[in-house]
Amino acid sequence: SASAGLAFGMFAVAGALAGWDRAAPLRWAALGITGLAWIAVLAPWYQRGRSWAMAEHQRGMYHALVAWALTDVAILMAWLA
């Protein structure tokens, strides 16, 4: 979604402004992995979500909660490292 893309764009700008350069590849990797997690959650939802039963939407919600938690941990660790 545009909101997720905007959020990760803002994370990337913040990382660049914080001085993440080539010496911080793990920080960029963590940001990239969590971005891919969100794509893995949101893409199927947008493609097939209208035909999903309630149980499938619930499963998608739990996948989104996992992606959210991964993002929180990755961002926290990237700025504390």
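Scope of this entry: the structure provided in the associated data block. (Residues numbered from 1 in each chain as written. Predicted model: local features only at pLDDT ≥ 70, side-chain atom pairs only at ≥ 80, totals over all residues. Heavy atoms only, no water.)

For the rest of this paragraph, the subject is a nonpolar patch on the surface. On the surface, M61, Y62, L65 and W68 cluster together into a nonpolar patch covering about 420 Å² of accessible area. For M61, the location among the structural elements is in helix 3 (residues 54–80). Under the relative-accessibility criterion, M61 is labelled partly exposed at 36%. (Patch = residues over 30% accessible without salt bridge, like charges linked within 9 Å, V, L, I, M, F, W, Y side chains within 5 Å. Areas by Shrake-Rupley, 256 points an atom, 1.4 Å probe, with all protein chains shown as cover. Salt bridge = Lys/Arg side-chain N within 4 Å of Asp/Glu carboxyl O. Helix = DSSP H or I, 4+ residues; strand = E, 2+ residues; numbered from the N terminus. Buried < 20%, exposed > 50% of the residue type's maximum accessible area, 1.4 Å probe, protein only.)

Turning our eyes to something else, we now look at the nonpolar core. One finds W20, L31, W38 and A67 to be the most contacted residues of the largest nonpolar core, which totals 13 residues. Broken down by secondary-structure element, the contributors of at least two residues to this core are helix 1 (2–17), helix 2 (25–48) and helix 3. Ranked by the residues each element gives to this core, the list is headed by helix 2, at five residues. Among all residues touching W20, those that are not within four sequence positions of it are G15, R27, W28, L31, A78 and W79. (Core = buried A, V, L, I, M, F, W, Y, C linked by side-chain atoms within 4.5 Å. Contact = heavy atoms within 4.5 Å.)

Right, let's get into the side chain of T71. Along the chain, T71 falls in helix 3. Under the relative-accessibility criterion, T71 is labelled buried at 7%.

Turning to the packing of helix 2 against helix 3, a few remarks are in order. Their axes nearest at 9 Å, the elements helix 2 and helix 3 cross at an angle of 170°. Regarding the angle of helix 2 to helix 3, the classification is roughly antiparallel. For helix 2 against helix 3, the interelement crossing comes out left-handed. Residues R27, A30, L31, T34, A37, W38, V41 and W45 of helix 2 pack against H57, G60, M61, H63, A64, A67, W68, L70, T71, A74, I75 and A78 of helix 3. Tallied by class, residues from the contact of helix 2 with helix 3 come to 14 nonpolar, five polar and one charged. (Axes fitted to C-alpha atoms, helices over the stretch in contact; angles between N-to-C directions. Parallel < 35°, antiparallel > 145°, perpendicular 65-115°, else oblique. Left-handed = near helix turned anticlockwise from the far one by under 90°. Nonpolar A, V, L, I, M, F, W, Y, C, P; charged D, E, K, R; others polar.)

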